[in-house]
Amino acid sequence: MKKKSQTYTVYEPSILKQVNRLGMLILVAAVLFGGFFVWMCEEPTAIEEIKQMIMKSIIPVLQKAILAALMMIFSYFAFLGEFVFDGNKKLFIYKKAFFFVKSSITYGSYTDIDALTISYFYKPNKDIRVLMTIVLKDGKEIDTEIFDPALYAQRIETINNKAQELAKSIGCKFLQGTFEKRVIPTQKPDGTIIYEYEPAKVRY
């Protein structure tokens, strides 16, 4: 039996990850607060005025919070975008979903990819981000995933190793992430691409 090649899925850089996390936090907080207020109402010594206040003002707010949290969590899956490296077909595909409508775009084959890089950069508002980027042989750069800088600093080896595993599966060069360094690809007149590290700065 022919062994299947590894297929990798990475997420599109998106605020939806943060929205999903916030939704989960709101949902947990609302459930905890809701449970606390229900317990208060069931206490034999609970004052009737407090019960009425909880029922009239606090419960409706909690219901709206839970509904908002569920919508935020659902949006992560409803508007999901992801890059798929299909190891069997040797294709680099972008898939997206708008609720139940799904579509995909094939960027090209593995042979179109020159390198996979991980870079730091500073946004105009001075926030730091770490990007995993695919560099095509025509010089085009495609950002495929954003890592949280704090998480990256703690797990730099793990993330580099996983990215290197993906690069090995693709059969392309790998430029590992280095603390506060950005990988700069430069295409020469003959079409070859050279890579250099420079201090992280604003990404234009």
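Residues numbered from 1 in each chain as written. Predicted model: local features only at pLDDT ≥ 70, side-chain atom pairs only at ≥ 80, totals over all residues. Heavy atoms only, no water.

Let us now look at the overall build of the protein. A tally of regular secondary structure across the protein gives four helices and 10 strands. Counting across all 204 residues of the protein, residues that qualify as buried make up 35%. Considering only intrachain contacts with a sequence separation of at least 6, the fraction spanning at least 24 residues in the protein is 50%. Of the roughly 13,100 Å² that the protein leaves accessible, carbon and sulfur atoms contribute 61%. (Helix = DSSP H or I, 4+ residues; strand = E, 2+ residues; numbered from the N terminus. Buried < 20%, exposed > 50% of the residue type's maximum accessible area, 1.4 Å probe, protein only. Contact = heavy atoms within 4.5 Å. Areas by Shrake-Rupley, 256 points an atom, 1.4 Å probe, with all protein chains shown as cover.)

What follows covers the packing of aromatic side chains. Within this structure, the stated rule accounts for five aromatic pairs. On the basis of an interplanar angle of 5° and a centroid distance of 4.6 Å, the ring pair of F85 and F92 is categorised as stacked. You'll find F85 and F92 in the same group, each marked buried. Taken together, F83, F85, F92, Y94 and Y107 form an aromatic cluster joined through their ring pairs. (Phe/Tyr/Trp six-rings, centres within 6.5 Å; stacked < 30°, edge-to-face > 60°.)

Its place among the elements puts T117 in strand β5 (residues 113–122). Judged by its relative accessible area of 3%, T117 is buried. Aside from chain neighbours lying at most four places away, what touches T117 is L131, M132, T133, V135, L175, V183 and Y195.

Per-chain confidence: the protein averages 81 in pLDDT, with 84% of residues scoring 70 or above. By mean pLDDT, helix α3 (residues 149–154) is the weakest element of the protein at 68, and strand β8 (residues 173–175) is the strongest at 94. (pLDDT = per-residue confidence, 0-100.)

Before going further, it helps to spend a moment on a nonpolar patch on the surface. A surface patch of nonpolar side chains, about 670 Å² in accessible area, is lined by F74, F79, F98, F99, F100 and V101. The topology assignment puts V101 in strand β4 (residues 101–109). (Patch = residues over 30% accessible without salt bridge, like charges linked within 9 Å, V, L, I, M, F, W, Y side chains within 5 Å. Salt bridge = Lys/Arg side-chain N within 4 Å of Asp/Glu carboxyl O.)

What follows is about the nonpolar core. If you look at the biggest cluster of nonpolar residues, it comprises 24 residues, and the most contacted ones within it are F85, I113, L116, M132, I134 and I170. Only β1 (8–11), β2 (81–86), β3 (91–98), β5, β6 (128–136), β7 (141–147) and α4 (156–170) provide two or more residues apiece to this core. In terms of residue count, α4 provides more of this core than any other element does, five residues in total. Apart from residues no more than four positions distant in its own chain, M132 is found in contact with V10, L116, T117, I118, I142, D143, T144, E145, F147, A163 and L166. In terms of nonpolar packing, the next biggest core, distinct from the first, is built from six residues, L175, V183, I193 and Y195 among them. (Core = buried A, V, L, I, M, F, W, Y, C linked by side-chain atoms within 4.5 Å.)

This brings us to the environment of V101. Judged by relative accessible area, V101 falls into the exposed class, the value being 57%. In this structure, the C-alpha to C-alpha distance between V101 and F79, residues 22 residues apart in sequence, is 9.6 Å.

The sheet built from four strands is open, its strands ordered β1-β2-β3-β4 with antiparallel pairing. In this open sheet, the two strands that pair with only one neighbour each are β1 and β4. Averaged over all neighbouring strand pairs, the angle between strand axes comes to 25°, with direction disregarded. The sheet contact formed by β3 and β4 spans eight bridges and is antiparallel. Looking across to β4, one finds that L91 is bridged to S109. (Pairing = 2+ DSSP bridges. Axes fitted to C-alpha atoms, helices over the stretch in contact; angles between N-to-C directions.)

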